[in-house]
Amino acid sequence: MQSRTAHRTADDEAVPHPDGAAGLGAELAAVLAAARRRAVRDRDRHTDTAHLLHALLEHDPEPRAAVGGPQRLARVLGYLVQRSIGYGLRWQGSVEDSGALPRVPAPAGHADAAGPAGPAGASGPGKEAEGWSPAASAALADARARARRRGAARAGGTDLLAALAADPRSRAVEVLERAGIPARELSARIEAGADVRTDEDGAAR
């Protein structure tokens, strides 16, 4: 039986759904929920592409394999963990905007936002993430488009990883590049469907 998600309207294709999960596989929907929880826990204003990358690499083995070996993965995760104490501090109070799409807010009281009040005792603008950053919204829309191009009804983890890596202005790309992973090359390799693995120095083999 043909999936009800196989055909989507033009508006549906262009703009991510408010909850972010429509058109995504179950594994990727869980990744989005984890990214939203991380944004709330970190008291960030929006769920951005770095939150998505962090949750994706923690929860989905296929994107982890695409990034490379254990040392490369450890470098990426190390930078992501440092966002609240290191260079990521300059992200606070600013909106991650790729210029591709307007920010799509999350519905009020959404269950994935760790409750309506966020973590106990939280206060200030970060107590409840307001929604996806424009760059994160664009990445989610791109992930769905990539899935459609390969004939899949729902986007998977590698679709989202390729979309994150394709936006040179995103925080996810900044993290990847700092970790020594050429983001544009990673995105192109995933989109081409090449079965390529890299060594710890980043060289294809």
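Being a predicted model, the structure only gives us computed values, none of them experimental.

## Digging into the confidence of the model for the protein
- Residues of the protein with pLDDT of at least 70 account for 65%, and the chain-wide mean is 74.
- Mean pLDDT across the secondary structure elements of the protein bottoms out at helix α1 (residues 10-14), with 35, and peaks at helix α3 (residues 49-59), with 96.
- Considering only residues more than four positions removed or in separate chains, one finds that residues 1-19, a stretch of pLDDT under 50, has 33 contacts.

## Things to note about the packing of helix α5 (residues 70-81) against helix α8 (residues 171-178)
- Running from amino to carboxyl end, α5 crosses α8 at an angle of 130 degrees, the nearest separation of the two axes being 8 Å. What the angle tells us is that α5 and α8 run oblique. By crossing handedness, the relation of α5 to α8 is classed as right-handed. Between α5, through V76, Y79 and L80, and α8, the contact on the second element is made entirely by V175, L176 and R178.

## Some words on the pattern of salt bridges
- Counted by the stated rule, this structure contains nine salt bridges.
- Note that D48 is salt-bridged to R83, the shortest N-O span being 2.9 Å. One end of the pair, D48, is in the loop between α2 (26-41) and α3; the other, R83, is in the loop between α5 and α6 (134-149), and 35 residues separate them in sequence.
- According to the relative accessible area criterion, R83 is buried, its value standing at 6%.
- In this structure, the salt-bridge partner of E191 is R146, at a minimum N-O distance of 3.2 Å. Here E191, found in helix α9 (residues 183-192), pairs with R146, found in helix α6; they are 45 residues apart in sequence, far enough to count as distant.
- Relative accessible area serves as the criterion here: at 48%, E191 is assigned to the partly exposed category.
- Overall, the relative accessible area of 9% leaves R146 in the buried class.
- One salt-bridge network, held together by shared partners, links D44, D48, R83 and R171.

Rules of the game
Residues numbered from 1 in each chain as written. Predicted model: local features only at pLDDT ≥ 70, side-chain atom pairs only at ≥ 80, totals over all residues. Heavy atoms only, no water. pLDDT = per-residue confidence, 0-100. Helix = DSSP H or I, 4+ residues; strand = E, 2+ residues; numbered from the N terminus. Contact = heavy atoms within 4.5 Å. Axes fitted to C-alpha atoms, helices over the stretch in contact; angles between N-to-C directions. Parallel < 35°, antiparallel > 145°, perpendicular 65-115°, else oblique. Left-handed = near helix turned anticlockwise from the far one by under 90°. Salt bridge = Lys/Arg side-chain N within 4 Å of Asp/Glu carboxyl O. Buried < 20%, exposed > 50% of the residue type's maximum accessible area, 1.4 Å probe, protein only.

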